[in-house]
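# Coordinate analysis (summary)
One-letter residues, chain by chain:
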Amino acid sequence: MTISQREARRLRARVHELETIMQQARQYWRQDYPAGIHLGTVSMVNNLQTLGRVEGARICGHAVVVSVRGDSLTLYAVNQPNPNE
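Figured I'd write up the structure that's included with this text. (Residues numbered from 1 in each chain as written. Predicted model: local features only at pLDDT ≥ 70, side-chain atom pairs only at ≥ 80, totals over all residues. Heavy atoms only, no water.)

### A closer look at the overall build of the chain
Counting its regular elements, the chain contains two helices and two strands. The order of helices and strands in the chain, counted from the N terminus, is α-α-β-β. Looking at the chain residue by residue over its 85 residues, the buried ones come to 7%. Across the chain, contacts joining residues at least 24 apart in sequence account for 30% of those joining residues at least 6 apart. Counting only carbon and sulfur atoms, one obtains 56% of the accessible surface of the chain, whose full area is about 7,700 Å². (Helix = DSSP H or I, 4+ residues; strand = E, 2+ residues; numbered from the N terminus. Buried < 20%, exposed > 50% of the residue type's maximum accessible area, 1.4 Å probe, protein only. Contact = heavy atoms within 4.5 Å. Areas by Shrake-Rupley, 256 points an atom, 1.4 Å probe, with all protein chains shown as cover.)

Put into structure tokens, the structure is as follows:
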């Protein structure tokens, strides 16, 4: 099957548009978890190792989930749900 140059240009433009939308979605996921409610903020100024791990998980597209264990907050990197499933 062959397509015209016009159709090829149209498809390239559409692919570019969809890639831009996907990149924006990734940025959105990194900032705030959809349907999540911000409960508060904990300062970790002196814990650069944990901050680095959290930032790395977020860059890789994971959500960061927190649970309480005694008097500590435990952080977990969780895979984001796949919108295609």
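Following the structure, the description resumes.
### Examining helix α2 (residues 48-59)
When the terminal C-alpha atoms of α2 are compared, their 16 Å separation across twelve residues agrees well with the 16 Å that a helix rising 1.5 Å per residue should span. The first or second residue beyond α2 is Gly61, which carries a positive phi of 90°. (Expected span 1.5 Å × (residues − 1).)

### Concerning the side chain of Thr74
Inspection of the secondary structure assignment puts Thr74 in strand β2 (residues 72-78). We classify Thr74 as buried; its relative accessible area is 17%. Those residues in contact with Thr74, other than ones at most four positions away along the chain, are Val65, Val66, Ser67 and Arg69.

### Focus: the pairing of β2
Pairing of strand β1 (residues 63-69) with β2 involves seven bridges; the strand directions are antiparallel. From the neighbouring strand, Val66 faces β2, where its bridge partner is Leu75. (Pairing = 2+ DSSP bridges.)

### Side note on a nonpolar patch on the surface
A cluster of nonpolar side chains, contributed by Val42, Val66, Val68, Leu73 and Leu75, occupies part of the molecular surface with about 440 Å² of accessible area. Of all the secondary structure elements, the ones that give two or more residues to the nonpolar patch are β1 and β2. Looking at Val68, the relative accessible area reads 66%, which means it is exposed. (Patch = residues over 30% accessible without salt bridge, like charges linked within 9 Å, V, L, I, M, F, W, Y side chains within 5 Å. Salt bridge = Lys/Arg side-chain N within 4 Å of Asp/Glu carboxyl O.)

### Thoughts on the pattern of salt bridges
Pairing between side chains of opposite charge can happen when their charged atoms approach one another. Applying the stated criterion across every chain yields a total of two salt bridges. One salt bridge in this structure joins Glu17 and Arg14, with 3.1 Å as the shortest N-O distance. Within this pair, Glu17 and its partner Arg14 are both found in helix α1 (residues 5-31), separated by three residues, close to a single helical turn. In this structure Arg14 comes out as partly exposed when scored by relative accessible area, which is 38%.

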